[in-house]
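Listed here are the chains, written in short residue letters.
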Amino acid sequence: MDIYVTEIKFEDGALKCYAEEDTQGLEAAARMIVDSDNMAFIYMLDDGEAFRRVHFVKETWSMLKAHHGAEVILNTDVILTDFWDELDYLVDNIEDNDNYGEAFESAVKEEFIQ
């Protein structure tokens, strides 16, 4: 199942991310991948049987950049552990790497590597 972050607020020192999908019972998998075609970073959650993908589309990136390092919480019940380590690793890997596609690489550079 895909989960799309539709809203992010910075409150009480944390990035509080909201999605319409139910996230109760899901656990952070502490892994992140990308969907370069759809301009998204995807954080993985585990439901005990399969992974669920939490999409952070390009429109959310400015909030991620502005509050880098803050605790990231999804729907008030799932703390996204190792979020920043995973994101930083991907951003470093994407820079000057044609494997992600020129459009995605350019968008990532513009938002995160200035």
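Scroll up a little and you will see the structure.
What you see is a predicted model; the values in this text were computed from it and never measured.

Here is what the cut-offs are and how they apply
- Residues numbered from 1 in each chain as written.
- Predicted model: local features only at pLDDT ≥ 70, side-chain atom pairs only at ≥ 80, totals over all residues.
- Heavy atoms only, no water.
- Helix = DSSP H or I, 4+ residues; strand = E, 2+ residues; numbered from the N terminus.
- Buried < 20%, exposed > 50% of the residue type's maximum accessible area, 1.4 Å probe, protein only.
- Contact = heavy atoms within 4.5 Å.
- Expected span 1.5 Å × (residues − 1).
- Pairing = 2+ DSSP bridges.
- Phe/Tyr/Trp six-rings, centres within 6.5 Å; stacked < 30°, edge-to-face > 60°.

A.B. asks: Teacher, can you tell me more about the environment of Phe-51 here?
C.D. replies: Tracing the backbone through its elements, the reader meets Phe-51 in strand S6 (residues 51-57). Phe-51 gets classed as partly exposed once you look at its relative accessible area, which sits at 37%. Taking the C-alpha atoms as reference, Phe-51 lies 9.5 Å from Glu-27; in sequence the two are 24 residues apart. When neighbours within four sequence positions are excluded, Phe-51 is seen to be in contact with Met-1, Ala-29, Arg-31, Met-44, Leu-45 and Asp-46.

A.B. asks: Sorry if this is basic, but what is going on with helix H2 (residues 83-94) here?
C.D. replies: At 3.6 residues per turn, the α-helix brings residues three or four places apart onto the same side. For H2, spanning twelve residues, the distance from its first C-alpha to its last is 16 Å, which sits close to the expected 16 Å at 1.5 Å a residue. Two residues or fewer after H2 comes Asp-96, characterised by a positive phi angle close to 60 degrees.

A.B. asks: Just to check I follow, could you spell out the sheet that holds strand S8 (residues 78-79) for this structure?
C.D. replies: Two orientations exist for strands paired in a sheet by backbone hydrogen bonds: parallel and antiparallel. The strand order across the open sheet built from four strands is S2-S3-S7-S8, with neighbouring strands paired in mixed fashion. Single-partner strands in this sheet number two, and they are strand S2 (7-11) and S8. One ladder, built from five bridges, connects S2 with strand S3 (residues 14-18); its direction is antiparallel. Note on S3: the bridge partner recorded for Glu-7 is Tyr-18.

A.B. asks: I would appreciate a short explanation of the packing of aromatic side chains in the present structure.
C.D. replies: Within a pair of aromatic rings, the relevant descriptors are the distance that separates the centres and the angle that separates the planes. Under the definition given, this model contains nine aromatic pairs. Ring centres of Trp-61 and Phe-104 lie 5.9 Å apart, and the angle between their planes is 80 degrees; this geometry places the pair in the edge-to-face category. With a gap of 43 residues between them, Trp-61 in helix H1 (residues 61-66) and Phe-104 in helix H3 (residues 102-112) connect regions that are remote in the sequence. Comparing Trp-61 with Phe-104 shows no difference in burial state: the two are buried. Arranged with centres 6.3 Å apart and planes meeting at 35 degrees, the rings of Tyr-100 and Phe-104 form a pair that is tilted. In this pair, the class of Tyr-100 matches that of Phe-104, namely buried.

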